[in-house]
Structure formats: C-alpha cells, structure tokens
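Geometric and topological summary
Each chain, written out:
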Amino acid sequence: MRSAQETLLEEGKNIGSGSSMDLDGLDLHLSLLASKSDLTKIPTSAARAPDIYSLANTGPSTSKGTPKTESEIVVLVDDMDTDMNSTASGLVTQPESEYPSGQESVANPKLLGFQESSRKSLGSSASAISEQSDLSSPPASPSSKATTPAHVTDTKESLETPSRPIATDVTRSQRPTPSRRKFNVRPRVSIPTDIAPFDYANQCIAAAEHSRLNPYALHQEEYSMLREHISHAQVTTYLNIRNGILRLWLNNPRIGVAREEAIGCAKDSRWFDVANVSYEWLLRRGFINYGCAEVPSSKTRRYKGPPKRKGKTVVVIGAGMSGLGCARQLETLFKQYAGQFQQLGEEVPNVIVLEGRSRLGGRVYSRAVNGSQCQRLIGFKGQRHSVECGGMIITGFERGNPLNVLLRGQMALPYYALRPETNLYDTNGKPVDAQRDLLVERLFNDCLERVSDYKFKSPPSKLIEGNRDLMDEGRDSASEGNKTIAHVEETTASMPQAAPVSEQSLAPQVNLVPVSTDKATGKTHVEPGTAAALKAAFKAKLMGWALKEGILEDRDLELDTAAKSPDVTLGSLIDEAITQYRDIIDLTPQDYRLMNWHIANLEYSNATNLKNLSLGGWDIDAGNEWEGKHTMVVGGYQSVPWGLAHAPSALNIRKDSAVKKITYNAEGNGTARVECEDGFSIDADYVVSTIPLGVLKHGSVKFDPPLPAWKTDAISRLGFGILNKVILVYQERFWDTSRDIFGVLRSPSSRHSLKQSDYASQRGRCFQWFDVSNTSGVPVLLALMAGDAGFDTEYTKNDELVSEATEVLRSVYGAKVPQPVHAVVTRWGSDKFARGSYSSAGPSMKSDDYDTMAKTVGNVIFAGEHTTGTHPATVHGAYLSGLRAASDVLDTMLGPINIPSPLIIPKESSMSLSSSAVKRKADTVPLSPQASKQARIEAHELAAWQHIIEKIGDRPWRPQKVAGNSYLLYSKANFDAARKRCEEGRRLGKGKPSPNEVRVMTSKMWKEATPEEKRPYEDQATEQKRVYHEKLKEWEVVVKEWDSKALQARGEWEANGNKLILEDSPFDEAAGRERRGQKVNTYAESDGSDVEMAG
Ligand SMILES: Cc1cc2nc3c(=O)[nH]c(=O)nc-3n(C[C@H](O)[C@H](O)[C@H](O)COP(=O)(O)OP(=O)(O)OC[C@H]3O[C@@H](n4cnc5c(N)ncnc54)[C@H](O)[C@@H]3O)c2cc1C
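Residues numbered from 1 in each chain as written. Predicted model: local features only at pLDDT ≥ 70, side-chain atom pairs only at ≥ 80, totals over all residues. Heavy atoms only, no water.

1. Quick word on the site of the ligand
- Around the ligand sit 37 residues in total, of which S322, E355, R363, I393 and V659 are the nearest.
- Against a free-state accessible area of 1000 Å², the protein chains account for coverage of 97% of the ligand.
- Of all elements in the fold, only α12 (321-336) and α29 (875-894) reach the threshold of two or more residues within the shell around the ligand.
- Along the lines of polarity and charge, the residues of the shell around the ligand split into 19 nonpolar, 13 polar and five charged. (Near = heavy atom within 4 Å. Areas by Shrake-Rupley, 256 points an atom, 1.4 Å probe, with all protein chains shown as cover. Helix = DSSP H or I, 4+ residues; strand = E, 2+ residues; numbered from the N terminus. Nonpolar A, V, L, I, M, F, W, Y, C, P; charged D, E, K, R; others polar.)

2. Some points on the confidence of the model for the chain
- Residues with a pLDDT of 70 or more make up 77% of the chain, whose mean pLDDT is 81.
- Within the model, pLDDT remains below 50 along residues 19-76, and this stretch shows 140 contacts once partners closer than five positions in the same chain are excluded.
- Long-range and interchain partners of residues 1085-1095, a stretch whose pLDDT sits below 50, account for 20 contacts in this model, where long-range means more than four residues apart. (pLDDT = per-residue confidence, 0-100. Contact = heavy atoms within 4.5 Å.)

3. Some details on the packing of aromatic side chains
- By the definition in use, this model includes 24 aromatic pairs.
- Here the aromatic cluster, defined as three or more aromatic residues joined through ring pairs, consists of Y425, Y730, F734, W735, F742, W769 and Y813.
- Directly above the ring of Y216 sits R468, whose terminal nitrogen or CZ lies 4.1 Å from the centroid.
- Between K711 and the ring centre of F862, over which it is positioned, the NZ or CZ distance is 3.9 Å. (Phe/Tyr/Trp six-rings, centres within 6.5 Å; stacked < 30°, edge-to-face > 60°. Lys NZ or Arg CZ within 6 Å of the ring centre and 35° of its normal.)

4. Here we look at the sheet that holds strand β14 (residues 659-663)
- The sheet built from four strands is open, its strands ordered β16-β15-β14-β18 with mixed pairing. Pairing within the sheet leaves two strands with one partner each, and these edge strands are β16 (681-684) and β18 (702-704). With direction set aside, neighbouring strand axes in the sheet form an average angle of 15 degrees.
- Sheet topology note: the β14/strand β15 (residues 672-676) ladder contains four bridges and is antiparallel. Bridge pairing in β15 places V659 opposite C676. (Pairing = 2+ DSSP bridges. Axes fitted to C-alpha atoms, helices over the stretch in contact; angles between N-to-C directions.)

5. With respect to helix α14 (residues 402-410)
- Most of α14 is tucked away: nine of the nine residues are buried.
- All of the buried residues along α14 are P402, L403, N404, V405, L406, L407, R408, G409 and Q410.
- For α14, the capping residue at the N-terminal end is N401, with a side-chain oxygen 2.9 Å from the backbone nitrogen of L403. (Buried < 20%, exposed > 50% of the residue type's maximum accessible area, 1.4 Å probe, protein only. Polar contact = N/O pair within 3.5 Å; in protein donor to acceptor, adjacent residues only side chain to side chain.)

6. Let's talk about the pattern of salt bridges
- Under the defined criterion, the tally for this structure stands at 58 salt bridges.
- Residue E480 pairs with R270 through a salt bridge whose shortest N-O separation is 2.9 Å. Placement of the pair is E480 in the loop between α16 (468-472) and α17 (485-493) and R270 in the loop between α10 (259-263) and α11 (272-284), with a sequence separation of 210 residues. Both residues of the pair, E480 and R270, belong to the buried class.
- The salt bridge partner of E449 is K539, with a shortest N-O separation of 3.3 Å. Placement of the pair is E449 in helix α15 (residues 434-451) and K539 in helix α18 (residues 536-543), with a sequence separation of 90 residues. The pair E449 / K539 is uniform in exposure class, with both members buried. (Salt bridge = Lys/Arg side-chain N within 4 Å of Asp/Glu carboxyl O.)

7. Structural notes on unusual backbone geometry
- Cis geometry is adopted by the peptide bond preceding P648, which originates at A647 and carries an omega value of 5 degrees.
- Positionally, P648 belongs in the loop between α22 (639-646) and β13 (653-654).
- For the bond running from D704 to P705, omega is -5 degrees, close enough to zero to count as cis.
- With respect to the helices, strands and loops of the structure, P705 is situated in the loop between β18 and α24 (709-717).
- Even without being glycine, Q497 reaches a positive phi, approximately 60 degrees.
- For Q497, the location among the structural elements is in the loop between α17 and β10 (512-517).
- Its relative accessible area of 86% is what places Q497 among the exposed residues.

8. Let's talk about helix α7 (residues 197-209)
- Taking 1.5 Å per residue, 13 residues should reach 18 Å; α7 reaches 18 Å between its end C-alpha atoms and fits that length.
- Regarding α7, the residues found buried are Y200, A201, Q203, C204, I205, A207 and A208.
- Residues of α7 that are buried make contact with α9 (235-251) and α16. (Expected span 1.5 Å × (residues − 1).)

9. Quick look at the side chain of T690
- Mapped onto the fold, T690 is located in the loop between β17 (686-689) and α23 (693-698).
- Among the polar contacts made by the side chain of T690, one reaches the main-chain carbonyl oxygen of I317 at a distance of 2.5 Å.
- Other than its neighbours up to four places away in sequence, T690 contacts V316, I317, G318, S322, G323 and A863.

10. A look at the packing of α12 against α29
- The geometry of α12 relative to α29 is characterised by a closest axis approach of 7 Å and an angle of 40 degrees between their N-to-C directions. On the basis of their axis angle, the class for α12 and α29 is oblique. Pair α12 / α29 crosses with right-handed handedness. Along its contact with α12, which presents M321, S322, G325, C326, Q329, L330, L333 and F334, the element α29 presents V875, A878, Y879, S881, G882, L883, A885, A886, V889, L890 and M893.
- Looking at the contact of α12 with α29 residue by residue, the class counts come to 14 nonpolar, five polar and no charged. (Parallel < 35°, antiparallel > 145°, perpendicular 65-115°, else oblique. Left-handed = near helix turned anticlockwise from the far one by under 90°.)

11. What to know about the packing of helix α20 (residues 570-581) against helix α21 (residues 589-606)
- Direction vectors running N to C along α20 and α21 enclose 160 degrees, while the axes themselves pass 13 Å from each other. With respect to α21, the element α20 is oriented roughly antiparallel. Our pair here, α20 against α21, has a crossing hand that is right-handed. Together, L570, I574 and I578 of α20 and Y592, M595, I599 and L602 of α21 make up the contact between the two elements.
- Of the residues contributing to the contact of α20 with α21, the split by class is seven nonpolar, no polar and no charged.

As structure tokens, this is what we get:
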C-alpha cells in the first residue's frame, strides 16, 4: 500500500509555472504571511461569533435575524475578515498588515534585491534604443505626390468609437506640437533575419490573436483613427507592422517594447510614422507594455521653460484587480510619456490608491489557513497555505487573457491545471449514471439554446481587412492605392441607393448559441449557429430521448408567449421550457434533480437565481471566452494583485482608507475631493472609482453632485448577486483524489417533486465541490453556495453550514467523514467593501448598461468588473477595465494620438530624404552607442544571410503539415449528408443550416458511425501521416546539410573581412536578439497540446 505522502506527491502534478521572472519580493511576502499566519490566534468559536455575525452595519439587505451566540459550533470556524466596520477586524489578522504599507517606499531589502536584480536583467536594449535622434524620418510637409491618400471630406456620419472619452482637458494650444517625430532607427531592425518570412508571419498573427485582436482586420478604434489617412490596400502593411509590434511584446513581456523597437517593424522608412501611430495606440490601450514590465522612460530634454507646474494627481479608489491594474498602468504610461508632460510644462502626474481594507486584492482574497494540524502536500510550490475566498479560477490563458502575461510571463507564479472530469453524486450518495447525466445535460443545453433565441442582438461592427494571403506569407501589399478608406466609403455612400458609410464593410452577423456548460465555472460555451433551429421532439430524439407515446417528431415548444411577458426572466423561460418538454418526453425526479444541478451551476456563474437574470442579456459576454485549461494559482491568487502593487516598484497605496464622499467636477475640468471615513481627504485632478457595483448600489459612498440619472439607472438595472463558499480544512484527505471537482444533487423542498419552483431554494446548497489541496498545500474541500443558497448563507449560522456540508460529504463518503479541523465561511453580501460577489444582467437590464457603467462622469472615471460587458464578473475583466480607465485618463490629459499628415511619406521624397538623413547622420548627429550597435548587428546579419542565400540558395521549406485526421476526412466526405440531416425537423423561418450546425451534425454522425464505416477514413489518415513523416525525415536531412553549408559559407564570408567587431559588452545585443528571435509565448506551459497531427 502506498503511503498517504506518496499519494499526495503523485497528485501534485498538473502544476505549471511561468518561466520568465521570479518575484523575490513576492516570495518574501508569502513567507511572511505564512510565518505570521493568523491561525495561531484563531479565536474559539464562541469568542468569534458575535463579530462574525455582526450584521448590524450591513444595511437593509442584511437585516434578517442575527444569531447572538455560537456555542454550538463544534469545529474551529474562522470567518472571512472582510466584514463591516465592526470589531471583527480586530480579531482577524490581516495578511498585509505584515508588510510595509503602500504609502511607504519599499524598504524591504529582499524586495529591493528584486528591483535591483530585475533592473539588472531587464535594463537592456529596450531603454537603450529608445532615444530619439534625427535619422531617417522625413519632414512634415505633405508632398503633392503623397502616397498617403489625401484627406477628402469630413465624415457626415459620426463614426466615433463608443465608450471612449473624447473630452480632454488639454486645449489644442497646450498640446505638444503635432510635429513629425524623428526616429533613430533603421527599417526592419526588429524583424528577425534567421527565420523564414512565413514563420515570422505566423508568429505575428499568433501575437495578435493572443492580444484579443483580429490579426487580419482593424480594430474599430484603429479604423476610426486611420480611415482618413490610409487606403484599403495599405491596411495590409499597417496590420503587418501592428502584429509585428505585438510579437515583440509577447516575446518577452518583462520588458516593455521601446518606441524605436516598434518602428523597426516597418520594412521601409516611409512607414515609420504609421508604425509610430500603431505603437502609440497599442501602448495607450494597454495591448503592450502592461503589468509589471520594466518600461523605457521617454526621453526628457533639459527643460528651459518657466518653472514646471506641479504634476496632476490621480486618485484610484480600490486596490482590487481593477484599481491596482489601473494604478500600475498609469505609472507605466506616465513614465513612457514623461517627455510629453515636460513639453506641457508639467511634472509627471502622481497616482495614489485609496483602499478601504487593510489588505490588497479586493475580491481576490487568499485567506491563510493553519496547516499545523494537517498533512502537508509534498511538492507544494506555494509559500503559504491559503484558501480562495473570492476569485479562484483562471478560465484559460490562451487567446488574449492578460493574466497569461501577468502570471506566467512576468510573475512566474506556479499554477495548477484543474482536471475537468467531474463526478456527480445523487442524493443517496451513489454516482449518477454517466449516460443519464449526458442525456439531461443535453436537454438542459437545448433549453438554453431555445431561450437564447430571445437574446439582445448586437449590431455588426465594421470589418476592414488586410490581404490574408499576403499577411500569411509575411508580405506587404505592393500596390498602395490613392484613396483613403474615408474617401472610398463616402464616394460609395453618395451613389444612389448606396448604403451609408456606417453600413458599409460590416462583419457578417454571427449568432452564437450555447452548446455546453462548463462544470468548473458554470459558464456556457457558445458556437456560431442558429438558435432553436430544430423542432423540440425531433431534437429530443436526436439527443437520445425516447418520445412519449403518441408524440410525433414535429411536436414543438411554444415559448413566444412566455417570452413576451413583461416580467419574463431567463429563469422563468427555462422553467417554462422544462415544463413543456415534460409533455414530450418522460422526465423522472432524478432528471429534475440533475437538471436543477445544471441550473445551480449556471446560477453559480451569475451569482444569483436565474429568475434575477435578463432574458436578453444573461450571456452578454458570450464569445469572449479564453482557451486552455482552467487553472488556479498555487499558494494563492492574491499573489497577482500583490505583484501588481509591488513590481517593478511599489505603488503608492493608502490602506484602511474607506472613502465616504467624492466631490467631483461635473464638467471634468476642475479638481475633485475624495474624503475618507478616518478624516483623511485629498484633492485630485482625476478620480478612478473601482468601487464595486454592490457598494454603489448600497449608496454608502456619496457623490457630490449626485451621479446623473443615466448612470444611477444603469447601476440599479444591473444585478449584483451573492456566491458564497464553505471551505473545510481536514487533517487528511478521505475523498477520491483522482478528481478535482465533484457535484452533488440536492433534493427539492418537496421530495420527488416535478415542479421547478420546489428546487430553487435547495439546488445550489453545497452542490459543487472543489478539492483545492493542490493549491492550498493542505487537505481542503471547498463547497459552493450558489443561487438562493448564496443569499441564504448570509443569515445561516456557521455551525449549521458546516454540519450541512459535512452531511453532504457523509452521504457520498460515509460516516467516516470527520469534522474539519478548520473552516472558513464567506459572506460577501455582508462585506462592507463588496456588498455581494459579482455583477450580473439584472432582469430589466439594457444591452449597453455595462458600457454605461464604464462612462466617465465629469472627472470621475469608472472601472471594475461591472464596467466591462465583454468580461464581466471576472478577475481578468476587472484587470482589463483598469487598463481601459488608465488609457482614458491619459487621453484626457494629453489629447488624442497625433497623426501626421500625410501619414505615409511619398516614395520619391522618402528616397531623397532617407539618403540625406543618412548623410546628415554621418556628418553631424552620431547614433547613440546602443542604437548604432543594434543597427550594425542587424545590417551584419542581413548581409550574412543575403550572402548565404546567393551562395547556396534558399533554405529548404519544411513539408506542409497534413490534417492526418480521420474525422476531418470523414466530415469532408459527408458534408452533404450532414446538411440534409440538419434540414430534417427544421423549424419554419430558421433559414438554411449554418456551417457550424452542419459541423455539429457531422460530429454526431461520426460518433454514431460503426467501426467499419470509420475504417476507410482512418486508413487514409494513417497513410497521410506516413507520407508526411517520410517527407519530414527527408527534409530534416537536407536542412541539416543546408545549415552546415550555411555555417561554412558564413565563416568564409566573415573571414573575408566581413567580421563584426563590437567593442562594448555583449549584454544589450543579446537582449535585443532575444526579443526578436524568441517565439511568441515561450513562457507558456508546454503541455503537449501542440502535437502536430491529430487523429
Ligand atoms: C466568491 C467569488 C468567487 C469568484 N470566482 C471567480 C473566479 O473563479 N474567476 C474569476 O475570474 N472571477 C471570480 N470572481 C470575480 C472576481 O473576483 C471579481 O470580478 C474581481 O476580483 C473584481 O475586481 P474589482 O477590482 O472590480 O473589484 P474588487 O476586487 O472588489 O476591488 C474593489 C476594491 O475597492 C475597495 N473598496 C470598496 N469600497 C471602498 C471604499 N468606500 N473606499 C475605499 N475602498 C473601497 C474594496 O475593498 C476592494 O479592494 C469571484 C468573486 C467572488 C466574490
């Protein structure tokens, strides 16, 4: 028999970690927390109880009966420390109280060590090549032969991008002169010469995808910014440059991309200004140089003007992910724009964060637990035993999650990939039959699909694309066109019966329909398709259900009437759909329990009963999911906000500063005053409020003048619900450790009921369990209290909750289940600084309410998870909102991005100019040593490469990958048959099956196909793979030969007087090359997922 320790050791796999940066300071922070764990001071339950339950300060919403004593508690129960301004906070040790507070500079030697070492390792080419000089940027005077298409007429329609501020407090005369910049750089220096253009193109495209941008099309803001400056044909080159800059950033996000590095993505100096505009946009909008990166500061010339004005002050309220994200980004942006503030005669602005709690992280709270009585997990990579009271799961790192850069690329935190397999146990503790579960899950998803037919329809956006074929090969467009996008659009619009500008070049309208629900997060996965295309009975049969006797395949549900009812909600319509399905198929009480387990899961992701959700907007964020495994940070998620607050240097944070009043300037041009409960007050030019929606709803922070009705209406329409957790710490694990997640079905209030209303109060009670031992380092189970149960937790005694959770566990694991040695119960609804868990789409929500929440009022800018419609209720959404707020502040301070005209220099003048620029450079202005060295390396590499190719020809191309996938071959051959099957049972008015519906059908047919039917495709796939491998082997031989010849040719060439001699330290070259040469996402985990061929 294996020892328990062996078991633990073995289960410590699935751990990953970023690889780039080690936050020494963070380690220190964590070890301090561990060493001073509050658990030595756990009060006895009786002593703690009155504080724990002191709900008196929680306002009207928490006025239900409050227990006075807790003498019946049998285990040590330690509540969250978040509650109220009661004496509770005195009893609970606050993790961050062990740290130097944010107001002080970090005097901690180890942290300083980190800063020093990071500077050493990061003080590289980035800052080195950021200096400006006179080389190669042409003058501002537009030539009559300008190839930048000339600006035509003013747009008649407003093409403003919604939700970004346009008001700025910098008058035109104050703004730095919009002169054409000069760049001390050569074209192409940031494009690697040692990889094939095709590979470079792939990396650029991947970088855009990992940055939430369409690699092949302009973002709406890029379109608005560039439409009067470039032609459709020039979009390709612009996108190649933009994607190239993103590639530089993702190659090494520990170091910010310097302006000159970005300019070096242009292949021709005529495009330098375009590259500069792209760089500015990416920088300001937080697509590059965000998080804990070391960034180059902009060059500040010696200031000769009148005494500088004091820098502006930005007060950020809240040190959660949005507030810290915003404050860090502002610091980073101000450093990079220091020169512009100087030109305005101002000092660089100050940023101060006011946080009500005595800890950082807000709703990301990794509460320390005492591991002294517990078996420790061997191989645990965290520094501290903790449990996640709030945000916990990272829903995939791929496809643009900014946490990928923060956590893996910059902080190198260890993380654990949750195993997605989930066991479901029925009320009697027996595992639910997997087939039955699947059947009910499909029915539930079908109900979701049917109700999603009534979702808000979002208007299509503009789609201005580059030439994909060229971009895939890393090439720019040869032709440049001579009419701006604006000119073409307006000329087209002026034709009889033509579409107005705003309706031209629209992206195709794509309907996203829910296809499955994630068991770990409750979120629905969507795919393009047509909602509720098939009649209900036909679909039920397809899913595998037997129809009731006498029910024909064309029997359908009728949801229109219920959907039109004025008080319809997501929950009411789902209940209606289930009730109607009961007439078509036989549903047992167990099916109801299963169905309600899935509903509870959806209630978990919305932190409220489905009856509190808008039918139109409940999944407004659909289609923005990340990809990749769900993960948790080992040792505590709170390390991420801590890292943001402290690296690369400490932010100015004032803790224990509960803001009670914000007096702001409604016109946005004066000062605001922020007053705290402790009497502290501060004047600010801008206030960024990340106050949670629950607190805004509660009204405990006063705004003077009161916020306008359009804002307060959105505040009341959006929902803010409660999800709570019961967290149980054990001496040792007694549960099935082969899974990280398991679910338990709950009985309705009336046993065996087939009425949906009987299930609501119970279905979310400890319905979902997470074994979080791998991230806590000690045996811990965490149960969710979702939907009505989340609200109920606020008023239920600790011992009752722990007993209930223990009973649930005993139903599954038997009487052996012990009492926990320690327990934590969260009550986010009673928390003065949250007043709930996260936002949701309230029943009367309007489709643009999240955007409205993001809108600025006077000089108050809003951020927080409740201000982002694309990623609400999440940690990453909160962070992104902070980046957006920082960008809004900077735009307001400095005005919009300056776009020189013409943006692209005419060919002729550029040629003469670049030669004169080079001459001028040689005569008068020497390049900075770093830039000169960089340029020499690049020129040398390029020349060497050209010599090699002339001598031995191109490097052989790797054979093209083949699908080698039997399913793909099958689906290609059976596409028509699948389409026909989709057309059967189709409802009237649903149009033709979409390609995605056909794909889903093909996949179903494949699953149903017999081994004989599959065999020919499998054989074909095997053959394809065999041929590919053969070609690959041949290629490997010839490429090896080519590489050795190339090495020889290079050696000979260098021996012939072409050797590059660099006198300085090789450090900067290495760093520059590192960024250019690396592949995107090298800090990502290697999980074997990029296997070349599937099938
Ligand atoms: C139980 C639970 C589970 C969750 N699970 C996940 C998950 O698995 N994955 C995920 O991505 N997200 C999850 N979330 C959501 C996620 O945690 C939040 O969306 C995110 O942390 C919110 O960040 P924020 O900066 O907008 O707000 P907060 O983190 O709440 O930050 C706001 C800050 O403002 C401070 N503050 C409030 N009022 C005042 C005042 N008057 N004066 C001064 N300061 C004030 C608060 O103390 C707080 O620090 C979960 C949340 C909860 C509660």
